[in-house]
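# Breakdown of the fold
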Amino acid sequence: MMNISKAATASGVSAKMIRYYESIGLLPAARRTDSGYRTYTDEAVHVLRFIRRARDLGFSVADIGELLALWRDQGRASADVKRIALGHVAALERKIAELQGMVDTLRTLAAHCHGDARPDCPILADLDAGGVGRACCGTDQAS
């Protein structure tokens, strides 16, 4: 048995996150000493390491809950685990595409920016694209 700080060190999960994982049911509630301190078993630390690895891979808390349930179920179908993993891969690929689009847009805007003492700025003009009749720096385009 170990206290929360030792469990945090052993698992690589902060004490605050351990308490959070307990509160949402990812980790069973810890036993308490007579004085009210939480105590953790090696098994609880093992679960915390599982959770940490899943978080490191970007799984959501909901997905981690499903993965933990499958991990504990010796009669599980690996197809269920694979479905969750591939769903996460698809979400990551969408996010990568979104981020690449942002990079491409910013790279193009920066390439069109003179980067000198002139006040005109295609980057700011793009950010202000929602403004009607406004150019960079708030001046009116209609003249």
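Located above this text is the structure these notes cover.
A brief look at the structure comes next.

What follows concerns the overall build of the protein. For the protein, the helix and strand inventory stands at six helices and two strands. Starting at the N terminus, the α and β elements of the protein follow one another as α-α-β-β-α-α-α-α. The globule rule puts the C-alpha radius of gyration for 143 residues at 15 Å, and the 25 Å found for the protein is more than 25% above it. Along the first, second and third principal axes, the C-alpha atoms of the protein reach 80 × 40 × 25 Å. Counting the 143 residues in the protein, one finds 22% classified as buried. Roughly 9900 Å² of accessible area belongs to the protein as shown, and the carbon and sulfur atoms make up 56% of that amount. Taken as two groups, the 19 positive and 17 negative side-chain charges of the protein have centres that lie 9 Å from each other.

To continue, consider the packing of helix H1 (residues 4–11) against helix H2 (residues 15–23). Remark: H1 packs on H2, axes separated minimally by 9 Å, with the N-to-C direction vectors making an angle of 100 degrees. Viewed along their axes, H1 and H2 adopt a mutual orientation that is roughly perpendicular. Contacts from Ile 4, Ala 7, Ala 8 and Ser 11 in H1 reach Ala 15, Ile 18 and Arg 19 in H2.

In the contact formed by helix H4 (residues 61–72) and helix H5 (residues 78–112), the axes pass within 10 Å of each other and the chain directions differ by 160 degrees. Taken together, the axes of H4 and H5 are roughly antiparallel relative to one another. H5 is crossed by H4, and the crossing has left-handed handedness. Counted together, Asp 63, Glu 66, Leu 67 and Leu 70 of H4 and Asp 80, Val 81, Arg 83 and Ile 84 of H5 form the full contact between these two elements. Across the contact of H4 with H5, the residue classes break down as four nonpolar, no polar and four charged.

With that settled, the discussion passes to a nonpolar patch on the surface. Together, Met 17, Tyr 20 and Ile 24 give the surface a local cluster of nonpolar side chains, amounting to about 240 Å² of exposed area. Mapped onto the elements, Tyr 20 comes out in helix H2. Accessibility expressed as a relative area gives 36% for Tyr 20, which makes it partly exposed.

Okay, the nonpolar core next. Formed by 23 residues in total, the largest nonpolar core has its most connected members in Ile 18, Tyr 21, Leu 27, Tyr 40, Ile 51 and Ile 64. At the level of elements, H1, H2, helix H3 (42–56) and H4 are the ones that each hand at least two residues to this core. Broken down by element, this core gets its largest block of residues, six residues, from H3. Non-local contacts of Tyr 40, meaning those with residues more than four positions away in its chain, are made with Met 1, Met 2, Asn 3, Ile 4, Ala 7, Ile 18, Glu 22, Leu 27 and Ala 30.

On to the packing of aromatic side chains. In total, this model carries two aromatic pairs according to the counting rule given. Ring geometry for Tyr 20 against Tyr 21: centres 5.8 Å apart, planes inclined by 50 degrees, an arrangement best described as tilted. Taking the relative accessible area as the measure of exposure, Tyr 21 reaches 5% and is therefore buried. Between Phe 50 and Trp 71 the ring centres are 4.4 Å apart and the planes differ by 20 degrees, which places this aromatic pair in the stacked class.

The next thing to look at is H1. Among the residues making up H1, those that are buried are Ile 4, Ala 7, Ala 8 and Ser 11. End-on, the buried residues of H1 take up no more than an arc of 100 degrees, which puts them together on one face. Opposite the packed face of H1, turned more than 90 degrees from it, sit the exposed residues Lys 6 and Thr 9. Buried positions along H1 lie against H2, strand E2 (38–39) and H3. Just beyond H1, the residue with positive phi is Gly 12, at close to 80 degrees.

Scoring rules and cut-offs
The residue numbers shown here count from 1 along each chain, following its written sequence. Reporting of local features is limited, given that this is a predicted model, to residues whose pLDDT is at least 70; pairs of side-chain atoms are given and counted only at 80 or more, and all residues count toward the totals for whole chains, interfaces and linings. Values reported for side chains reflect all heavy atoms of the structure, with hydrogen atoms and water molecules removed beforehand. Secondary structure elements follow DSSP: runs of H or I of four or more residues count as helices, runs of E of two or more count as strands, with numbering from the N terminus. Computation of the radius of gyration draws on C-alpha atoms, with the globule rule given as 2.2 Å multiplied by the number of residues to the power 0.38. Only protein chains enter the accessibility calculation, which uses a 1.4 Å probe; a residue is then buried when its area is under 20% of its type maximum, exposed when over 50%, and partly exposed in between. Where accessible areas are quoted, they stem from the Shrake-Rupley method and a 1.4 Å probe; at the residue level, only the protein chains shown are allowed to cover. In summary, the charge assignment counts Lys and Arg as positive and Asp and Glu as negative, without counting His or the chain termini. Think of each charge as sitting on NZ of Lys, CZ of Arg, CG of Asp or CD of Glu. Axis geometry follows a simple rule: fit a line to the C-alpha atoms, using only the stretch in contact for helices, then measure angles between N-to-C directions, giving values from 0 to 180 degrees. Comment on the angle field: the value is read as roughly parallel under 35 degrees, roughly antiparallel over 145, roughly perpendicular from 65 to 115, and oblique elsewhere. Throughout, a contact is declared for two residues whenever any of their heavy atoms are within 4.5 Å. Two helices that cross are described as forming a left-handed crossing if the nearer one is turned anticlockwise from the farther one by less than a right angle, and a right-handed crossing if clockwise. When residue character is reported, Ala, Val, Leu, Ile, Met, Phe, Trp, Tyr, Cys and Pro are called nonpolar, Asp, Glu, Lys and Arg charged, and the others, Gly included, polar. What makes a patch is a set of residues exposed beyond 30% relative accessible area and free of salt bridges, joined within 9 Å when like-charged and within 5 Å when nonpolar (Val, Leu, Ile, Met, Phe, Trp, Tyr). Just to be clear on terms, a salt bridge is a Lys or Arg side-chain nitrogen sitting within 4 Å of an Asp or Glu carboxyl oxygen. Side-chain atoms within 4.5 Å link the members of a nonpolar core, which is a set of buried Ala, Val, Leu, Ile, Met, Phe, Trp, Tyr and Cys residues. Each aromatic pair joins two rings of Phe, Tyr and Trp (for Trp, the six-membered one) with centres within 6.5 Å, and gets the label stacked for planes under 30 degrees apart, edge-to-face for over 60, and tilted for any other angle. Taking the helix axis as origin, the arc is that swept by the directions to the C-beta atoms.

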